[in-house]
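Commentary on secondary and tertiary structure
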Amino acid sequence: MSPPPFHVLIPARLASTRLPDKPLADIGGQPMVVRVAQRAQQSPAQTCTVAADDARIVAACEGAGVRAILTRTDHPSGSDRLAEACDLLGLADGDIVVNVQGDEPLMDPNLVTAVATLLHQRPDCVMATAAHALEQADEFGNPNVVKVVLDRRQTALYFSRAPIPWWRDGMAADPSALPTTPQPLRHIGLYAYRVGFLRRFPTLEPAPLEQCESLEQLRVLWHGERIAVHVAAHAPGPGVDTPQDLARVRALWAAAQA
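One structure accompanies this document, and this report is about it. (Residues numbered from 1 in each chain as written. Predicted model: local features only at pLDDT ≥ 70, side-chain atom pairs only at ≥ 80, totals over all residues. Heavy atoms only, no water.)

Moving on to the pattern of salt bridges. Taken as a whole and judged by the stated rule, the model has twelve salt bridges. Residues D124 and R122 are paired through a salt bridge, measuring 2.9 Å at the closest nitrogen-oxygen approach. Members of the salt-bridge network, linked through shared partners, are R122, D124, R153 and R226. (Salt bridge = Lys/Arg side-chain N within 4 Å of Asp/Glu carboxyl O.)

Now the structure itself:
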């Protein structure tokens, strides 16, 4: 079956406390945000656009043949930036867009296609995202690794920084044990939206659970909307948050080109 029509949007914000000018960091002779776009362009997306908050990002993208638009600098979140981008691009409410983070230069294009296809197949959901099985106990307990639990149709029940689901009996006997049924899932920060909901999302009241866990997707569940989840066979390549992450991704990129 052919994938549905969809668009890729890549929000790119120049300021970063841990890695200044992160979107422009060099990876194999191109800015990181360009590498992200090039990976996304390997999917069957109709268009791929960087939504930037600084003219330097736009210029870097255009110099590499990547479409980019300049958005406002005062957006409180990436979702707000994407909503503005949808208006600037004239997208219809029924269109599907996939938000690929601007610091994921190793994102699998097949995963981009998978979340777009899943949302198309689930008219009961306003969003789709992805997850993969967790196999390391230290990641299960790490609050920087977001976990998700699903219902029988692979719709998100809850996202948390806490180790969920909690295996009461097994972990009482061995605190390092991992649940086996169901296996815990790590959330992957890749989202497909229907444009109409993406335009509505910034107007929704922030949720107490969202503020408690610092997870924006909990606002969606709090307001009674549904998120479909594609369970991938493996984790995507690492993203970039710190100089150490950048060095790792540069090495992986170089190895892949050798």
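On the secondary structure map, L150 appears in strand 8 (residues 147–150). Taking the C-alpha atoms as reference, L150 lies 22 Å from P206; in sequence the two are 56 residues apart. Non-local contacts of L150, meaning those with residues more than four positions away in its chain, are made with T155, A156, L157, L185, V229 and V231. (Helix = DSSP H or I, 4+ residues; strand = E, 2+ residues; numbered from the N terminus. Contact = heavy atoms within 4.5 Å.)

So, on to the nonpolar core. Residues V8, I10, V50, V98, V100 and L190 are the most contacted members of the largest nonpolar core, which totals 46 residues. If sequence neighbours within four positions are ignored, V98 has contacts with F6, H7, V8, L9, V112, V115, A116, L190, Y191 and A192. L82, V126, Y191 and L198 belong to the second-largest nonpolar core, a separate cluster that totals 29 residues. (Core = buried A, V, L, I, M, F, W, Y, C linked by side-chain atoms within 4.5 Å. Buried < 20%, exposed > 50% of the residue type's maximum accessible area, 1.4 Å probe, protein only.)

As a general feature of sheets, a regular strand has side chains that alternate between the two faces. Within strand 7 (residues 127–133), six of the seven residues are buried, leaving the element largely enclosed by the surrounding structure. Both strand 7 and strand 10 (residues 185–194) contribute to a ladder of six bridges, which runs antiparallel. Note on strand 10: the bridge partner recorded for M127 is Y193. Where strand 7 lies against strand 11 (residues 227–232), six bridges are found, and the strand directions are parallel. Each residue of the ladder has a partner; that of A128, found in strand 11, is A228. (Pairing = 2+ DSSP bridges.)

This brings us to the packing of aromatic side chains. Counted under the stated rule, the structure contains two aromatic pairs. Centroid distance Y191 to Y193: 6.1 Å. Interplanar angle 40 degrees. Geometry classified as tilted. With a relative accessible area of 3%, Y193 lands in the buried category. (Phe/Tyr/Trp six-rings, centres within 6.5 Å; stacked < 30°, edge-to-face > 60°.)

Everything listed here is a matter of geometry and, on its own, says nothing about what the molecule does.
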